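Structural overview
Chain by chain, the residues:
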Amino acid sequence: MARLTDENVTLAKEIIDRYPRAKSALIPLLHIAQEQDGWVTDEAMRQIAELIGVTPAEVLGTGTFYEMFKFEPVGKYLINVCGTMSCALLGADDLMHAAEEELGIHEGGTTDDGMFTLHRAECQAACTEAPCLQVNYRYRFRTTPVEVRQLISDLRNGRLDDEIPPHGTLARVRQHIPADKGVGAVDPSQVTSPPEWITASAEGGAS
Amino acid sequence: MTSFPWAPGFIDGDRPKIVTSRFQYEDSHTLERYLATGGYEGLRSVLARSPHDMHEEVRSSTLLGRGGAGFPAGVKWGLTPDGVFPRYLVVNGDESEPGTYKDRLLMERDPHQLIEGCLIACYAAGLSRCFLYIRGEMALAQERVAQALNDAYAAGFIGKNILGSSFSIDIVLHWGAGAYVVGEETALIESLEGNRGMPRLKPPYFPAAIGLYGQPTIVNNVETLSNLPFIATNGAAEYTAIGTESSPGTRMVAVSGHVRRPGVYEIINGTTTFRDLLYGEEFCQGIRDDNELKAFVPGGGSAPWFLPDQLDLPFEGRLVGAAGSMLGSGAIMVMDSTTDIPAAALTLTKFYAHESCGKCVPCREGGTWLMRILDRVVEGTGTTDDLDLLLEVGGSICPGDMPHAASADLQLEATPFPYKMTTICFVGPSAYVPVHSALTLFRSEFEARVAPSRTRSRIPVTAVGAGS
Amino acid sequence: MSEQSVEITVNGKTISAEPGEMVIAAAERAGEFIPRFCYHPRMSSVGMCRQCLVEIDTGRGPMLQPSCMVPVSPGMTVDTESDTTKQAQEGILELLLANHPLDCPVCDKGGECPLQDQAFSHGPGESRYIEEKRHYEKPIDISSLIMLDRERCVLCDRCTRFADEVAGDPLIHFVERGNATQVMTYPDEPFSSHFSGNTAQICPVGALTAKPYRFKARPWDLEQANSTCTSCSVGCEISVHSSRDRVLRYQGIDNDDVNWGWLCDRGRFNFESIHAEGRVTEPLIKTADGHQATSWNAAMSITTELLNESLASAGASSVGVIGGARGTNEDAWAWAQLCAALGIERHDPQLGDGLPAALLGMPRATIREMASAATVVLLAPDLKEELPVLYLRLRDAVVNGSTRIIEFTSTGSGLTRHAWRSIRHGAGDVGSTISATFADADVQAQLSSGPVVVVAGRGNLATSADVEFAALQQLMTAVDGATVLPALRRGNVVGALQAGLAPTSAASDTTSTLTAAANGQIEVLVLLGSDPLADFPDRDLAAAALNGAGRVVSITGHMNASTVDADVVLPAAVMSEKTGSTTNLEGRVAPIAKKVNTPGVARADWMIAVELADRLGHDLGVSSVEGISEQLTSVGAGVGSVWSVPFESSAVEVNVAPKGGYDVDLIVSRVMYDGGVATASSPSLAGLANGRSVAVNPAVLEQLGIDSGEMIRLVSEHGSAELPVCPDDRLDRGTVWAAFGQPGRESGFGDVRSLISSSAPVSRIRIERVS
């Protein structure tokens, strides 16, 4: 699969509508493409460019700036071992070595069966729980080499399928703005006056 | 009971709490729990007041921004140019400074508190749309905030005519995709516009004047906004009763590294000292394995390092600045006597070199160069010349005096914060800061690693085809 | 200096600056050059190379600030030589050079390279960088014209900013991040902008190079002369660079009135045609065995004889001169004088593809006036394709200024996305469409909000000039005080018309002359640098005319379709081979420089006219190009002036019949690259022509069951043509569009021009399946 499914196109359009300018939806739409295929395909980028009215080069330019977007296939599970300060002070290297050994790949590699990709990551905002890692952006805190081996075995055997979705899926809960509740996005060039409650307050309170 | 299995990292204590008061509940992220514990009462009371009135309340609370710069939120809201609309609120939830985390916990554990804060800010400052930008790697925070937004829309706290008033606002959830620099507010705006997250120049691009889509935009940090429901409900006076006059309220601080009990603590602002934090019984309870403290980073990876000499300083911005560092985003990283100092500096320099956006030459080229020189020093293949070169390359990023801590042992006086810089934002200097701190405070450890100077090949630039 | 000028101090000197001017620009005017890479005066400042950091004190002590981002303010003190400034500038240069390859000896930029020059003037003099440099595959093609060497790139954002901000074609972009940042296109989507060559010119290093110039010369071996591009009538100022009697490149020069330094790729690269193999290098006489070379004397004798005979036997109306818009003002003046001396009234520099000369009699606007107008009404062909740099100026006026466009078009254009209103019309109903549009109150309010400039040209070559001119007259009547910027196409069409080559009446224009020739009423048809077979919209009439004319004399630089069968061919000098002046669409007179010698014995057109006059017993009173220039100056057409002459205009009546059995409107217009001689004989450009095809609304194709690329047959009352089809959803269902003059006969594709009749006001067709 490469182009977005009809369902995802509908979702993409709903997201685009939330922004005063369509290009703002670029990153959210790349996430949808990555969720669909596990990585961002050339075809998906072309389609995103059409949806938001920019050139594919602009989509590529923005997309490649961000670490999380992968432009070639990666494993079903992306293991990011944090290597920044606090984790480094408390044994990040040991975790990496354990993972490398268990998976039979080096940092940056993907296993032959396409199950795992292993990366060294920058600070994951869990420094007090060092050393830590993420599998598809789900945390494992205060991890040991033994636990890393167990984690990999659990992932292999599908024991964590409920907890950890395949690479590409981030939040499994999406925002949905009900049509009858949403205020709606307006291009800023179409607005010049203060919002209603500011005008109303000048006349004596919002409620 | 001082920690909770549902809030890993957070350590509770018998102190005044403003933003973590619900962390004790397993279901603190739900609308039910939020409403049962006074949630959205602040919003209700605010809607009965004028926006101006609420803005003044925040101004008098002296609520300081928690993103790193520590600028008063009420003043920031007032910087938008008169009569220019629409104005936007962009919530900075792209927390990624090494050592820092508290916004993630606030989003995971109490998303409604953040939402209520957003609503209050938009109401008071006349902001007509809110974008809540959450760091891409924080899947759980994204789920919790998405659920909370959906529930709050359904309950009528967000959307058209909130609680029957004329106040109408959408809050749009937006995820990043992995780029540290996007935590810088102008880069955050670029990213939100669908661009590469490269910082803009200030001036002229102060967000309050020219921000999202060129419109006046307030960028506030998650923790900053999470304080607003308390201020709205209890008033500025109750808020300023906690902490000091210049630094009121509480702060969330993450202490990590070689301490016995690393954790995220909500502390009283301005009075708690580093010694309290590192050694106090209610905090970190000392250095692990009874080791000696060697150094610590007082304000996230970008901050110049402190020595045990600075332990008695309070956690207060101005004093820390005068002592040669900064408080930044509320993150302390502790190094004990076993720490390999050059290697520790390298992990930080690597981080900033890797996270350079590539816009300015000194950061793009200088950061990587620093990393490569330091790398060979750590590997043991450097020379003493390399140590000078590190400082000279750093000087191209930060010309002039660099801030550093005082040291009694080294008979060194402090040089106060800040530094001069040739870059647009702080990422470039941040690659140099750990190098400079480590080399200034622990030069002997570097010298022990390198070979004596050999004659370096000097390649004359102008010899090659330069003249015509 | 304006009254509100701002005084600042730079290195102790007090200087006056314009309010809002950036420090870097103010300092430069005062003679203090601040080094820079990313700053470019015609683009927005980004402050990213950091090379222009200087210490600026606005009362709070000196601070290092990028001088490209800081506007001057009263009392400001700038120090471009302080220790801190020097430390920063030297440091940044060292960092810029850290990963820059030392391949200057084989780099085309070497010798004119800002990085080289500023490393010399502001650099530290040595590098301490001993690490391995960044490596990329080098160089790579990013388009058919431009190559990119990412190792040399300093990531100044000039090319990418140009593509996005100026050209509106963001097809190159930064990709990746930090130290790995590169400029790149999308895979398989080249930087096929009409303006790509500008990026090679503004690149401050040798990262972007234009293929036509690669490894052709060292900059210090080049001779330069300021001149004017005549590829179209915008009149962009250029510098012609040559070496060893060959033109090697054109570079744009920043002319504030006209091109702001930019050129389109057709104008920049079609210099290759000067040295093309198809050049006519000696006079040719048609014999039974084909063309035979002869001497000027013999050729001129024959031509004189032909003219004498026909003037004597059949009168002046038996001689027609077509063309003259590709030459200089001096060429056109001499030919107009010759015609006048001989009483020849049939002369016309246009080929039935423009508008009546009365267009120039309307109140005229300049480019600057267009770019500052409140409203620009477009009743013109797609400017992006035909007058590309005018497109840039107008796009800028909309994007960065407050100008609004009201566009009348049948197909959409490069400016449609920037138009405040883009109104579609069919062939023949533009008049009623204008009336309906102007009835709208918002449009009326817009039109009365400030100056209105109408950019007027021939939007559709399949609709008669009368129909389009009548619409313009209607529009000018409807908008009080509107002025016109003529969007005629050929380089010196305005100069030729104003110099006296305009037809004296509709009865002596090209269509009339060709009709007369087809009817056997023309004894001598002179083609003055023109090619009716390629350019006249009604191809059948052009062919009949060349057959029916007694003799054809072609004065041309290149062999072309109309020349291969001419009785006499006189070799003409082309641009960069002759001196003189040209007149752009505003009427602005600009110099044409001779930089190389003509091939063989080719001569300038004016010289041929003067000699013919002499042989025919008339003295034109001039014997040098300077003499003609003096004459022109005396009538207000000196270089530097904006020249206009009055033209009478009478109301044009048109009658367009309602649609009958042919219910689809045919729209034909030019695109940037076609089969024209300048493009076709420039090897770098020839391959860029689209080729023949016809664009049709996809729904129509679906209905007919025709796939993209299949052949369809177009049938009009006058003929038919089979062409491959491409779906285009910008067209409505009742309209098809084809590009004019595309190469492709060899592939068996039909010519859309067979559908056009010069006697029909509009061209209507029907679409049929083939087989």
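We now turn to the structure provided with this report.

**Topic: the overall build of chain C**
If you tally the helices and strands in chain C, you get 23 helices and 34 strands. Computed over the C-alpha atoms, the radius of gyration of chain C is 28 Å, within 12% of the 28 Å expected from 2.2 N^0.38 for a compact globule of 771 residues. Taken along its principal axes, the extent of the C-alpha atoms in chain C is 85 × 60 × 55 Å. Burial status across chain C gives 62% buried among its 771 residues. Considering only contacts in chain C between residues 6 or more positions apart, those separated by 24 or more positions represent 73%. Taken as a whole, chain C presents about 27700 Å² of accessible surface, with 48% of it coming from carbon and sulfur. Taking the average place of the 61 positive charges on the side chains of chain C and the average place of its 94 negative ones, the gap between the two points comes to 3 Å.

**Concerning the interface of chain A and chain B**
Counting residues at the interface gives 69 residues for chain A, matched by 92 residues for chain B. Taking both partners together, chain A and chain B bury about 6200 Å²; carbon and sulfur atoms supply 61% of that area. Per-residue buried area on chain A facing chain B is highest for A:Phe65, A:Met85 and A:Trp197; these three make up 13% of the total on that side. The interface formed by chain A and chain B holds 2 salt bridges in total.

**Overview of the packing of helix 15 (residues 361-379) of chain B against helix 2 (residues 83-98) of chain C**
Running from amino to carboxyl end, helix 15 of chain B crosses helix 2 of chain C at an angle of 65°, the nearest separation of the two axes being 9 Å. Looking at the two axes, helix 15 of chain B sits roughly perpendicular to helix 2 of chain C. Where helix 15 of chain B crosses over helix 2 of chain C, the handedness of that crossing is left-handed. Each of B:Val361, B:Pro362, B:Arg364, B:Glu365, B:Gly366 and B:Trp369 in helix 15 of chain B lies in contact with helix 2 of chain C, whose residues at this interface are C:Ile92, C:Glu94, C:Leu95 and C:Leu96.

**Focus: the packing of aromatic side chains**
All chains considered together, the criterion is met by 29 aromatic pairs over all chains. With centroids separated by 5.0 Å and ring planes inclined at 25°, the aromatic side chains of A:Tyr139 and A:Phe141 adopt a geometry described as stacked. A residue is classified by how much of its surface remains accessible, and A:Tyr139, at 15% relative accessible area, is buried. Under the relative-accessibility criterion, A:Phe141 is labelled partly exposed at 26%. Site record: aromatic cluster; members linked through ring pairs are A:Tyr19, B:Tyr88, B:Phe131 and B:Tyr213. Sitting over the face of the ring of C:Tyr213, C:Arg249 holds its NZ or CZ atom 4.3 Å from the ring centroid.

**Details of the pattern of salt bridges**
All names here are of chain C. The tally for this structure, following the rule as stated, stands at 91 salt bridges over all chains. Note that aspartate 665 is salt-bridged to arginine 764, the shortest N-O span being 3.2 Å. Of this pair, aspartate 665 sits in strand 29 (residues 664-669) while arginine 764 sits in strand 34 (residues 764-769), and the two are 99 residues apart along the sequence. Arginine 764 sits in the buried class, given a relative accessible area of 15%. A salt bridge links arginine 753 to aspartate 751, with the shortest nitrogen-to-oxygen separation between them at 3.4 Å. Across the pair, exposure class does not vary: arginine 753 and aspartate 751 are buried alike. Connected through salt bridges with shared partners, the residues Arg42, Asp254, Asp256, Asp257, Arg368, Glu586 and Arg588 form a single ionic network.

**Observations concerning the interface of chain A and chain C**
Facing the 12 residues of chain A at the interface are 12 residues of chain C. Contact between chain A and chain C buries roughly 1200 Å² in total, counting both sides, with carbon and sulfur atoms accounting for 56%. One salt bridge connects A:Glu67 with C:Arg177, and the closest N-O pair in it is separated by 2.7 Å. Linking chain A with chain C are 7 residue pairs in polar contact (both at pLDDT 80 or more). Going through the elements one at a time, helix 3 (42-52) and helix 4 (56-63) of chain A are the ones with two or more residues in the side of chain A that touches chain C. With 5 residues, helix 4 of chain A is the largest single contributor of residues to the side of chain A that touches chain C. A breakdown of the residues in the side of chain A that touches chain C according to their chemical character gives 5 nonpolar, 3 polar and 4 charged.

**Quick word on the environment of C:Gly500**
All names here are of chain C. Its location among the elements puts glycine 500 in helix 15 (residues 493-501). The class of glycine 500 is partly exposed, set by a relative accessible area of 32%. Setting aside residues up to four positions removed in sequence, glycine 500 forms contacts with Ala336 and His347.

**Here's the deal with the sheet that holds strand 5 (residues 250-257) of chain B**
All names here are of chain B. Judged by pairing direction, the sheet is mixed, and its 4 strands sit side by side in the order 6-5-8-7 without closing on themselves. Either end of the sheet is taken by a strand with one partner, and the two such strands are strand 6 (263-268) and strand 7 (293-297). Along the sheet, successive strands turn relative to each other by an average axial angle of 30°, direction set aside. With 6 bridges joining them, strand 5 and strand 6 adopt antiparallel strand pairing. Its bridge partner lying in strand 6, alanine 254 is registered against valine 264.

**Some remarks on a nonpolar patch on the surface**
On the surface, B:Phe71, B:Val75 and B:Leu79 cluster together to form a nonpolar patch covering roughly 240 Å² of accessible area. A relative accessible area of 32% places B:Val75 in the partly exposed class.

**Here we look at the side chain of C:Arg670**
Residue and element names in this part refer to chain C. Here arginine 670 lies in the loop between strand 29 and helix 21 (677-680). Of note is the side chain of arginine 670, whose polar atom sits 3.0 Å from the side chain of aspartate 353. Aside from chain neighbours lying at most four places away, what touches arginine 670 is Asp353, Glu385, Glu386, Leu461, Arg489, Arg490, Asp535 and Phe740.

**A short note on unusual backbone geometry**
Cis geometry marks the peptide bond from A:Ala130 to A:Pro131; its omega dihedral reads -10°. Structurally, A:Pro131 can be placed in the loop between strand 2 (116-121) and strand 3 (133-135). A cis amide bond links B:Phe417 with the next residue in sequence, B:Pro418, at an omega value of 0°. A positive phi is found at A:Asn136, a non-glycine position, where the angle reads about 45°. Here A:Asn136 shows up in the loop between strand 3 and strand 4 (138-140). Unlike most non-glycine residues, B:Asp290 shows phi in positive territory, near 55°. Residue placement: B:Asp290 occurs in the loop between helix 12 (274-279) and strand 7. Taking the relative accessible area as the measure of exposure, B:Asp290 reaches 60% and is therefore exposed.

What counts, and at which threshold
Residues numbered from 1 in each chain as written. Chains lettered and ligands numbered in written order. Predicted model: local features only at pLDDT ≥ 70, side-chain atom pairs only at ≥ 80, totals over all residues. Heavy atoms only, no water. Helix = DSSP H or I, 4+ residues; strand = E, 2+ residues; numbered from the N terminus. Rg over C-alpha atoms; globule rule 2.2 N^0.38 Å. Buried < 20%, exposed > 50% of the residue type's maximum accessible area, 1.4 Å probe, protein only. Contact = heavy atoms within 4.5 Å. Areas by Shrake-Rupley, 256 points an atom, 1.4 Å probe, with all protein chains shown as cover. Lys, Arg positive; Asp, Glu negative; His and termini not counted. Charge placed at Lys NZ, Arg CZ, Asp CG, Glu CD. Buried area = accessible area lost by both parts, 1.4 Å probe. Salt bridge = Lys/Arg side-chain N within 4 Å of Asp/Glu carboxyl O. Axes fitted to C-alpha atoms, helices over the stretch in contact; angles between N-to-C directions. Parallel < 35°, antiparallel > 145°, perpendicular 65-115°, else oblique. Left-handed = near helix turned anticlockwise from the far one by under 90°. Phe/Tyr/Trp six-rings, centres within 6.5 Å; stacked < 30°, edge-to-face > 60°. Lys NZ or Arg CZ within 6 Å of the ring centre and 35° of its normal. Polar contact = N/O pair within 3.5 Å; in protein donor to acceptor, adjacent residues only side chain to side chain. Nonpolar A, V, L, I, M, F, W, Y, C, P; charged D, E, K, R; others polar. Pairing = 2+ DSSP bridges. Patch = residues over 30% accessible without salt bridge, like charges linked within 9 Å, V, L, I, M, F, W, Y side chains within 5 Å.

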